[in-house]
Amino acid sequence: MTQHVTAAHSFSDSAPTREWWRDAVIYQVYPRSFADGDGDGMGDLPGATARLHHLRDLGVDAVWLSPFYSSPQADAGYDVADYRAVDPVFGTLDDTGALLREAHALGLRVIVDLVPNHCSDQHEWFKQALREGPRSPLRDRFHFRPGKGTDGELPPNDWESVFGGPAWTRAEDGAWYLHLFAPEQPDFNWDHPAVHDEFRSILRFWLDKGVDGFRIDVAHGLVKAAGLPDIGHAEQVELLGSQSVPYFDQDGVHAIYRDWRRILQEYTDEAGSERIAVAEAWTPTVERSALYLRPDELHQAFNFEYLTTGWDAEALRAVVDRSLAAMNAVDAPATWVLSNHDVVRHATRFADGDAARGLRRARAATLLMLALPGSAYLYQGEELGLPEVTALPDEVRQDPAFFRATGQGGTRDGCRVPLPWSGERAPFGFGPVDGGPSWLPQPDSWRDLSVAAQTGDPASTLEFYRAALAVRRAHPALGAGRGIEWLPAPDGVLAFRRTAAAGSFVCTVNLTSAPVTLETPGTVLLAAPDTVCEPGPAETVLPADSAVWWAI
C-alpha cells in the first residue's frame with residue numbers, strides 16, 4: 001500500500017553564517033592511510049600534500065589531520081613523544097609547512113590533532129620521572145600513586161583502561177601510574193601548572209606555523225575527580241561510551257578551554273575569523289557536550305550521539321532536535337558526522353549483512369547529514385563508499401585494543417585501511433610503486449572503488465559526493481542555521497524544510513524497507529545515484545533506503 005505526505009506551510013531559517021566554521025564541511029585525513037609519498041607503505045605528509053587537489057575537487061572547506069607528531073606509534077600516533085616534532089615516518093617540519101601552503105593556496109583550511117590528555121611513555125618528562133624515581137618532581141606532572149594491598153601490589157583504584165584491563169601500570173620502583181588508554185600513554189596531571197604552561201606553548205607553536213585550528217583528543221578527559229575515587233562497579237568503559245565516571249567530563253576542564261580560547265583569539269585574522277578548536281568530548285548527553293561550546297570556550301564538538309544513532313527515523317529525528325536545541329542554547333553550530341577513525345564505517349554499520357543495502361543507506365544518510373544546519377565532518381574514503389574491512393589477518397592488526405582482547409576486537413584497523421587511488425592491483429595508487437607495500441592490506445575488490453575508477457561515472461559514490469557538496473555550497477537555504485521545519489511524513493520517513501530569502505529546500509529520506517508515495521514538493525535537486533524516483537506532477541514514489549533533495 002502506498003503512503004502519502006502532505007506539504008506544510010513555509011518556515012524561515014534566518015540565522016546568518018558568521019564564521020567559516022559554522023557551516024564548514026571538514027574532511028578527516030588519517031595520514032598513515034591517506035597517501036604514501038615515499039613508497040614505504042605508510043602514508044605521509046608529502047603524500048597528503050600531493051593529493052590535496054582531490055579534496056579541493058570534492059568540495060570540502062577544511063582538512064583535519066590526525067596526529068603526525070614524533071611517536072613510538074603504540075596507538076597510531078596518539079602517544080606523542082614530542083609535540084613540536086614530526087615523526088620521521090610522516091616527514092619533517094618543512095613538510096608540514098609545504099602542506100599548509102598548498103592547502104591554503106587551494107582554499108582549504110587545516111586543523112591538526114592535539115592530544116592533551118596523555119603523552120607517550122617516551123616523552124622526555126615521563127622518561128625523566130621514571131629515571132629519577134619516586135622523589136622526582138616530574139612525577140607530579142602525571143598521576144603516580146602507591147598501590148593497595150600488603151605490598152602495594154594492587155592498583156590504586158578500580159579504574160579500567162578504555163583499551164581493556166586496569167588503567168594502572170606499576171613502575172619498577174613499585175609506584176603505579178595512570179593511563180586511561182594504553183600503558184604506553186600515561187595521563188598528564190592537569191592540576192600541575194607546568195602542564196598548563198606546556199600546552200599554551202604548544203598551541204602557539206602550531207598557530208605560528210599557520211594551522212587554522214585544533215581537534216582536541218579526549219577533550220572530556222583532562223581533569224580527574226579529586227582523590228581519584230573508585231567507580232564502584234565492574235562495568236567496562238568503552239572507547240565510544242557515555243558513562244558518567246570520575247575521570248571523564250569533570251567540570252574543571254572548562255577553565256582550561258576558556259584559557260585556550262583567549263589564545264586562539266590572539267590569532268584572529270584581519271577579516272575577523274579566529275582559529276578554532278573542536279572537542280572530541282564523549283559526554284553522557286548532548287546537553288553536556290554543549291557546555292564545552294559556551295561563547296568563551298570551544299567552537300565545535302563532535303556529535304557522537306548522532307554518529308551512534310542507527311538507521312531509525314524516530315531516533316534520528318529525536319537526536320537532531322536535541323542537538324539543535326542544545327547548540328542553539330550556547331550559540332554554537334551543530335555538527336554531524338557518520339564515520340571516523342575509531343568506528344566501523346557507516347556503509348557497513350548500516351548494512352545489516354547486505355553490502356548493497358549498506359551502500360544505499362550510506363548515500364541516503366549522507367544527504368540527510370549534509371542537509372542539516374551546521375557543520376559536517378567526512379572521514380576519508382566515505383566519498384568512495386568504502387566498507388569496513390572485516391577480513392584482516394590477525395598478524396597485520398595494529399590496534400592496541402585488539403591485543404588487549406576487548407570487545408572491540410581490533411575493529412579500528414578495519415576502518416583505517418589505506419585509500420585506493422588508481423590502478424589494477426594493490427595498493428591501488430596509495431604509494432608511488434605499483435604493487436608496492438601498504439601498512440594494512442587492501443581488498444582486491446577496492447580496484448573498482450578507487451578515485452580514478454569512480455571519477456566521471458555519474459553512478460559512482462564519488463561523483464554523488466561531489467554533486468552533493470556543490471549543491472550544499474550553492475543553495476541559499478543550506479549550510480549554517482539554527483533550525484528546520486519537520487514536514488508531515490509516514491512512519492519511517494523523515495522530511496524537513498529549510499527556507500532562505502533566495503529559495504527553499506526540502507530533504508526527504510525513506511528509512512523503510514519499502515517504497516513510499518509522497519506528495520511532490522518541488523523539483524529534484526539531487527538523489528542518491530541508485531535512487532530511481534518516479535516523479536509525477538503531484539506524487540513521487542521514493543524507493544526504500546533512499547533520499548532526495550528538492551528545490552521549492
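Residues numbered from 1 in each chain as written. Predicted model: local features only at pLDDT ≥ 70, side-chain atom pairs only at ≥ 80, totals over all residues. Heavy atoms only, no water.

**Quick look at unusual backbone geometry**
No. 1: Here the bond from alanine 426 into proline 427 is cis, since omega is 10°, no more than 30 degrees from zero.
No. 2: Residue position: proline 427 is located in the loop between α14 (411-414) and α15 (451-454).
No. 3: Even without glycine at this site, aspartate 249 takes up a positive phi of about 55°.
No. 4: Positionally, aspartate 249 belongs in the loop between β9 (213-216) and α7 (253-265).
No. 5: Judged by relative accessible area, aspartate 249 falls into the buried class, the value being 9%. (Helix = DSSP H or I, 4+ residues; strand = E, 2+ residues; numbered from the N terminus. Buried < 20%, exposed > 50% of the residue type's maximum accessible area, 1.4 Å probe, protein only.)

**Some thoughts on the sheet that holds strand β6 (residues 144-145)**
No. 1: Spatial ordering of the open sheet is given by β6-β8-β7, a layout of three strands whose pairing is antiparallel. Strand pairing shows two members of the sheet lacking a second neighbour, β6 and β7 (168-170), which therefore form its edges.
No. 2: Judged from the three bridges that link them, β7 and strand β8 (residues 176-178) form a sheet pairing that is antiparallel. Counterpart to arginine 170 in the pairing with β8 is tryptophan 176. (Pairing = 2+ DSSP bridges.)

**Quick notes on the packing of helix α6 (residues 193-209) against α7**
No. 1: As a packed pair, α6 and α7 sit with axes 11 Å apart at the nearest point and diverge in direction by 30°. Judged by the inter-axis angle, α6 sits roughly parallel to α7. As for the relative orientation of α6 and α7, their crossing is right-handed in sense. In this structure, α6 uses His196, Phe199, Arg200, Leu203, Arg204 and Leu207 to contact α7, whose residues at the interface are Ile256, Asp259, Trp260, Ile263 and Leu264.
No. 2: The class makeup of the residues in the contact of α6 with α7 is seven nonpolar, one polar and three charged. (Axes fitted to C-alpha atoms, helices over the stretch in contact; angles between N-to-C directions. Parallel < 35°, antiparallel > 145°, perpendicular 65-115°, else oblique. Left-handed = near helix turned anticlockwise from the far one by under 90°. Contact = heavy atoms within 4.5 Å. Nonpolar A, V, L, I, M, F, W, Y, C, P; charged D, E, K, R; others polar.)

**Some words on the confidence of the model for the protein chain**
No. 1: Averaged over all residues, the pLDDT of the protein chain equals 92, while 92% of them reach at least 70.
No. 2: With pLDDT under 50 throughout, residues 1-17 is counted as low confidence; its partners more than four residues away or in other chains account for 44 contacts. (pLDDT = per-residue confidence, 0-100.)

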